[in-house]
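Summary of the model geometry
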Amino acid sequence: MDHAGRAVFKHGMPRVREWAVWSLPRPLLALWSVVTCLYLAWIILGAARFHFRLSDLVLFAALLACGAFSVEMARRASEPAGVVKDVYAVWELPVVFLLPGLYALIVPAIRLALTQWRVRRAPAYKRVYTVAAIGIAYGCARMVYMGVLPAHVDPRAYLWSHTSMWLIAAGCGALAQWAINQGLIAAAFRLENPAASIKHELFAKEMLHNDATELCAALLVAVGMTISHLTLIIALPLATLLQRSFRHAQLLNEARADSKTGLLNAATWEREAGAEIARAVRTSSPLAVALLDLDRFKQINDTYGHLLGDEVLRAIADTMTGVLREYDLAGRFGGEEFVMLLPQTRATDAFRIAERVRAHIARLPIASPTGERVQVTASIGVAALDAGSSRELTELLAAADAALYRAKASGRDQVQMISTSRGLSAVRPSDDPDGDAGFWQGGGPRRTVTVGAEAVLAEDDGAARAGGLHPCGTLQLPVDAEGDAEDEAEGSESTTTTSALAV
């Protein structure tokens, strides 16, 4: 026995140490451990108080069968990656309201085990966390539900004598379940990817509408099940239609999005950006377009492989989504080139936003399979449409592309800018650690530097001209201890953010 035990320890423990869960960042691993242990402890406590009744088991089996049918429907359409919107709460919340608490705790484990087997194999630790989060949410929902109802009443009998009070109790429980589940998922989502937008992924308007519809359908199924189990025959086709409508919304989003990054694809971005620019011209509003290109991305692919390159692209997309505002448009033009549209944004603010994106990218914690940190930088070209100016999307993209070319030629990892009425920047961004500034930081000695002619896209006395020569001029640059000029420039609302010269 001792020999057998040592053999199991010797050959089994390395497998445990190789589980993917141990590679998670420590805060995320701590959250995973706490949530999973709490869920298991709750199941043990519920099992100690459980009283078996055949009628409860029959009702549980009927609702579980409907959930299994929904899983098979997901199998036919395939389960998408990432945050998935489903209708399983339609069958699982009635378990919370009509059956003992242990059934509510174990139903997500059964359903997700079936999903793992029949639909799509996901990392086991992700399935375990999802099961634990949903189970805890169901347990809390039952506590709220039973807390609102009078003590020592049969919930199913109480429904018919006090229907309004029962609906209030069930509604409070459903809202508690939604809030706790969303909170646990959002916490893991934030720890796994700090740059990602939780609001976009979990609290978008369409998703909130779907969640409200799902909770209402669950309450109707719970009420119907107190009348007859045959209610499921009526509810099943309706839930199937609801599931198809959710899937249809997901397909529409997938048709608009780039499959690798989740940002808008080129065609969708151009269509929506064109409409936004026309609106800005009509209302005399400021606007900016920015082109972002990763520096030496081919070298990353050649050195570390395309899988790491894809990880870099997703990290860039998450960074852009997290830094940009809700109404900004971010898209992928293909390869390592991305594009941003910034409505209601003056030149100074556009430069700040682009510089913030650049700084966040430079700090991305991307590691190779060997643990080596992979340095990722980006060059960004910005073209600003000043209030009252009139430009087409193609003109702004051409101007942003010219600024991007200048950023590449000037050493990469910087932001360059063109204003449609002012000129092309010739200055690299500041070394501000927060990445917020396109202005001088702090004081210090300065010296005058002469700047040569620049190619610009500008308006002179109201007439548009392209490719003209910028007059020579001077600017004040701060100098370090050796007297070298820093590669930065001042900006204000009345001048181009990084341009040293006035048109």
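Quick summary incoming for the structure in this document. (Residues numbered from 1 in each chain as written. Predicted model: local features only at pLDDT ≥ 70, side-chain atom pairs only at ≥ 80, totals over all residues. Heavy atoms only, no water.)

What follows covers the overall build of the protein. Within the protein, the secondary structure is distributed over 16 helices and 10 strands. Looking at the 503 residues of the protein, the share that counts as buried comes to 46%. Intrachain contacts of the protein at a sequence separation of at least 6 include 73% that bridge at least 24 residues. (Helix = DSSP H or I, 4+ residues; strand = E, 2+ residues; numbered from the N terminus. Buried < 20%, exposed > 50% of the residue type's maximum accessible area, 1.4 Å probe, protein only. Contact = heavy atoms within 4.5 Å.)

Let us look at the side chain of S379. Counting through the fold element by element, S379 comes out in strand β4 (residues 378-385). Judged by relative accessible area, which is 0%, S379 ranks as buried. In this structure the side chain of S379 is engaged in a polar contact, spanning 3.2 Å, whose partner is the backbone nitrogen of D413. S379 has contacts with L291, L292, D293, D295, L404, A407, K408, R412, D413 and Q414, leaving out every residue within four places of it along the chain. (Polar contact = N/O pair within 3.5 Å; in protein donor to acceptor, adjacent residues only side chain to side chain.)

We now examine the pattern of salt bridges. Using the criterion set out here, one finds 16 salt bridges in the structure. Where K260 meets D310, a salt bridge forms, and the shortest distance between an N and an O atom there is 3.2 Å. In this pair, K260 sits in the loop between α11 (231-256) and α12 (266-283) while D310 sits in helix α14 (residues 306-323), placing the two residues 50 residues apart along the sequence. The network of salt bridges with common partners includes D293, D295 and K408. (Salt bridge = Lys/Arg side-chain N within 4 Å of Asp/Glu carboxyl O.)

Another aspect to go through is the packing of aromatic side chains. Scanning all chains against the criterion turns up 6 aromatic pairs. An angle of 85 degrees between the planes, with centres 6.1 Å apart, marks the rings of Y145 and W166 as edge-to-face. Separated by 21 residues along the polypeptide, Y145 in helix α6 (residues 124-148) and W166 in helix α8 (residues 163-192) bring together distant segments of the chain. Judged on exposure class, the residue Y145 and its partner W166 are both buried. (Phe/Tyr/Trp six-rings, centres within 6.5 Å; stacked < 30°, edge-to-face > 60°.)

Okay, the packing of helix α13 (residues 297-304) against α14 next. Following both chains from N to C, one finds α13 and α14 inclined at 140 degrees, their axes separated by 7 Å at the closest point. By the angle class used here, α13 and α14 are oblique. In this structure, α13 contributes F297, N301 and Y304 to the contact, and α14 contributes H306, L308, G309, V312 and L313. Partitioned by chemical class, the residues of the contact of α13 with α14 number 5 nonpolar, 3 polar and no charged. (Axes fitted to C-alpha atoms, helices over the stretch in contact; angles between N-to-C directions. Parallel < 35°, antiparallel > 145°, perpendicular 65-115°, else oblique. Nonpolar A, V, L, I, M, F, W, Y, C, P; charged D, E, K, R; others polar.)

Time to look at helix α15 (residues 347-362). With 16 residues, α15 should reach 22 Å at 1.5 Å per residue; the first-to-last C-alpha distance of 23 Å fits that figure. For α15, the tally of buried residues reaches 12 of 16 residues, placing the bulk of the element in the interior. Along α15, the residues classified as buried are A347, T348, A350, F351, I353, A354, E355, V357, R358, A359, I361 and A362. (Expected span 1.5 Å × (residues − 1).)

Turning our eyes to something else, we now look at the nonpolar core. Residues W91, L93, F97, Y129, Y138 and W166 are the most contacted members of the largest nonpolar core, which totals 57 residues. In terms of residue count, the dominant contributor to this core is α6 (11 residues). Ranked by size, the runner-up nonpolar core spans 37 residues in total, among them V357, L364, A384 and M417. (Core = buried A, V, L, I, M, F, W, Y, C linked by side-chain atoms within 4.5 Å.)

Assignment of secondary structure puts E355 in helix α15. When the C-alpha positions of E355 and V415 are compared, they lie 6.3 Å apart, and in sequence the two are 60 residues distant. Engagement of the side chain of E355 in a polar contact is seen with the side chain of R358, the distance being 2.7 Å.

What follows covers unusual backbone geometry. In the Ramachandran plot, Q344 falls in the positive-phi region, its phi being about 50 degrees despite a non-glycine side chain. Take Q344: it is sitting in the loop between β3 (337-343) and α15. Classification of Q344 as exposed rests on a relative accessible area of 52%. The residue D413 is not glycine, and still its phi comes out positive at about 50 degrees. If you trace the backbone, D413 turns up in the loop between α16 (393-409) and β5 (415-419).

Over its 23 residues, helix α2 (residues 26-48) extends 33 Å from the first C-alpha to the last, a length consistent with the 33 Å expected when each residue adds 1.5 Å. Where α2 is concerned, the buried positions are L28, L29, L31, W32, V35, T36, Y39 and G46. If you follow the buried residues of α2, they end up packed against α5 (101-118), α6 and α8.

Burial of β3 is extensive: 6 of the 7 residues sit out of reach of the surface. Strand direction decides the pairing type here: strand β1 (residues 287-294) and β3, joined by 7 bridges, are antiparallel. Residue L287 lies in a different strand from β3, and its bridge partner there is P343. For strand β2 (residues 329-334) and β3, the ladder comprises 5 bridges, and the chain directions are antiparallel. Looking at the pairing, G331 lines up with V339 of β3. Counting the residues between successive antiparallel strands, the hairpin from β2 to β3 contains 2 residues, one of them, G335, with a positive phi of roughly 60 degrees. (Pairing = 2+ DSSP bridges.)

For β4, a buried count of 8 out of 8 residues is recorded, marking the element as mostly surrounded by other parts of the structure. Burial along β4 is two-sided: the residues A378, I380, V382 and A384 and S379, G381, A383 and L385 are all buried. Of the pairings in the sheet, the one linking β1 to β4 comprises 8 bridges and is antiparallel in character. Bridge pairing links V289 to A383 in β4.

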